[in-house]
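Secondary and tertiary structure notes
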Amino acid sequence: MKLSELIQNLNLSVRSAQENLEREVTGGYASDLLSDVLAHSREGDLWITLQVHQNIVAVASMKDLAGIILVNGREPEQETIEKAETEDIAIMVSELSAFELVGRLYGLGVTGMR
Amino acid sequence: MVLDNKISKIQELIYEISVGEVMKTNLVTVSPQTPMSQLREILRDKRISGTPVVEGDKLVGIISIEDFIKWLADREPDCPIREKMIKDVQTLYADEPLTQAVNKFEQFGFGRFAVVDHEDKRLLGIITKGTIVEGLLKKLEIDRYEEEEVYRRRIKHFFEDILADKVSLFFQYDVAGGDFSRGGEGAGRLKATLRRLGIAPQIVRRVAIATYEAEMNLIIYTDGGNIRVRVEPHEIFVSVRDSGPGIPDVEKALVPGYSTAPEWVRELGFGAGMGLDNIRKCATKMGLRSTVGKGTQLSIHISIEDGAKSETVGADSKPES
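Small disclaimer: the values here were computed from a predicted structure and weren't measured. (Residues numbered from 1 in each chain as written. Chains lettered and ligands numbered in written order. Predicted model: local features only at pLDDT ≥ 70, side-chain atom pairs only at ≥ 80, totals over all residues.)

Overview of the overall build of chain B
Heads up, the rule is: Labels follow the DSSP assignment, with helices taken as runs of H or I lasting at least four residues and strands as runs of E lasting at least two, numbered in each case from the N terminus. A residue is called partly exposed when the number of other C-beta atoms within 10 Å of its own lies between 12 and 20, exposed at 12 or fewer, and buried at 20 or more, with C-beta atoms placed from the backbone. Once C-beta atoms have been placed from the backbone, residue pairs whose C-beta atoms lie within 7 Å are recorded as contacts.
Counting its regular elements, chain B contains twelve helices and ten strands. Looking at chain B as a whole, 29% of its 321 residues qualify as buried. When contacts within chain B are restricted to residue pairs at least 6 apart in sequence, long-range pairs at least 24 apart make up 64% of them.

Shown next, in the form of structure tokens:
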């Protein structure tokens, strides 16, 4: 499923990389520990987190993730947005909690296993 | 400097690209018999501001929204488009260079030109300033992609082209302690460089993860240091050095989950005691030596040959059920 479809379905607000939303999402990973994401996420995963500082962009870029969704309506820091624009990483914001958001993503076919 | 380059690149392209390459070909046309009163719907439905008037496959005129507005303003009775269209149509040939089109737009101030076949004058398409911009952007994008491809291919054969008993490339990245804003910069640049070298993606990713973790360690725990990378045909070696404070108990530091990170670092999602463990999983061989007060040296060997099969991080350690 494409990022743009998820954005529409889940009413996500896009905060960076507006032009990179046709990317295919092949799975999902939820964690707030950066080392954990580095170790266990896979290329094409959508990352669900509450971390908003700029190092999330480096992690997403390092692992070639499809994008980052921030939960509980948490807004990315300005530096995070700037870095995400440079690295072309889509950051989206959801008003939902991580548990609820992951549940809905699963319902839309985004799973944690391949 | 950069700006000058870009302008000349576009000037070059304007001579290189033909009108036919950028014109819009899925055309909406009207017949000279179509009443003016229907024009509004046609323009609105197709979201266009003007259209060629065609009889058979011959171009007989062009009609635009300005002509329509004028007709409305004059409150004239309905009439066929034939009576209000511009008959003396300026056309462009599909095989002309784009520079001709640019000149004509400047000369006549029209919003669009019909493009016809050089020989039989058949209507082929339409060109507007919008289609020109779009065509140029597309061409620029293709050019950039091709340049990058050529570059990649060239550098891929780099090792093969060097005649020597031993070949290695060396890069160094300097890391400032405490500078979270630049976290991952060195690893990111190294990743891009290795990709350009044509190293397999799974190897590049392992090097990038290991280097990122090591870089964050320098930022979080030390006064700074450097990352030195040696690329050889069979192996990538990453050496990370700092000048203190050093690790009192190296054995303990290697235990997954053990961490000395302060609370604020943990809140950022770092310092979970998984960094060195991640590095170990990415590495074919890893070494850690440290002297308190002097500094730490971490060495990471990642073999290029056995790379694909030994990708432990992301493959084996993924919880499956």
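What to know about the nonpolar core
Heads up, the rule is: To define a nonpolar core, we join buried Ala, Val, Leu, Ile, Met, Phe, Trp, Tyr and Cys residues through C-beta atoms within 7 Å and take the resulting set.
Among the nonpolar cores identified, the biggest contains 68 residues, and I68 and I69 of chain A together with V207 and A210 of chain B are the most heavily contacted of them. By residue number, the principal contributor to this core is helix α9 (residues 201-221) of chain B, which donates 13 residues. In terms of nonpolar packing, the next biggest core, distinct from the first, is built from 25 residues, V53, F68, F113 and I127 of chain B among them.

Section: the packing of α9 of chain B against helix α12 (residues 275-282) of chain B
Residues and elements named next belong to chain B. Spelled out, the test is: In this description, a line fitted to the C-alpha atoms serves as the axis of each element, helices being fitted only across the stretch in contact, and the angle between N-to-C directions of two axes falls anywhere from 0 to 180 degrees. For this classification, under 35 degrees means roughly parallel, over 145 means roughly antiparallel, 65 to 115 means roughly perpendicular, and everything else is oblique. Note on convention: the crossing is left-handed when the near helix lies turned anticlockwise from the far helix by less than a right angle, right-handed when the turn is clockwise. Each residue gets one of three labels, nonpolar for Ala, Val, Leu, Ile, Met, Phe, Trp, Tyr, Cys and Pro, charged for Asp, Glu, Lys and Arg, and polar for the others, Gly among them.
One way to put it is that α9 packs onto α12 with a least axis distance of 9 Å and a crossing angle of 155 degrees. Taken as axis vectors, α9 and α12 run roughly antiparallel relative to one another. As α9 runs across α12, the sense of the crossing is left-handed. Contacts from R206, I209, A210, E213, A214, M216 and N217 of α9 reach α12 at G275, N278, I279 and C282. Across the contact of α9 with α12, the residue classes break down as six nonpolar, three polar and two charged.

Some remarks on the interface of chain A and chain B
In this complex, chain A contributes 18 residues to the contact, which on the side of chain B involves 24 residues. Elements with a minimum of two residues in the side of chain A that touches chain B: α2 (34-40) and α3 (55-62) of chain A. No other element matches α2 of chain A, which puts six residues into the side of chain A that touches chain B. Of the residues in the side of chain A that touches chain B, the class split is seven nonpolar, seven polar and four charged.

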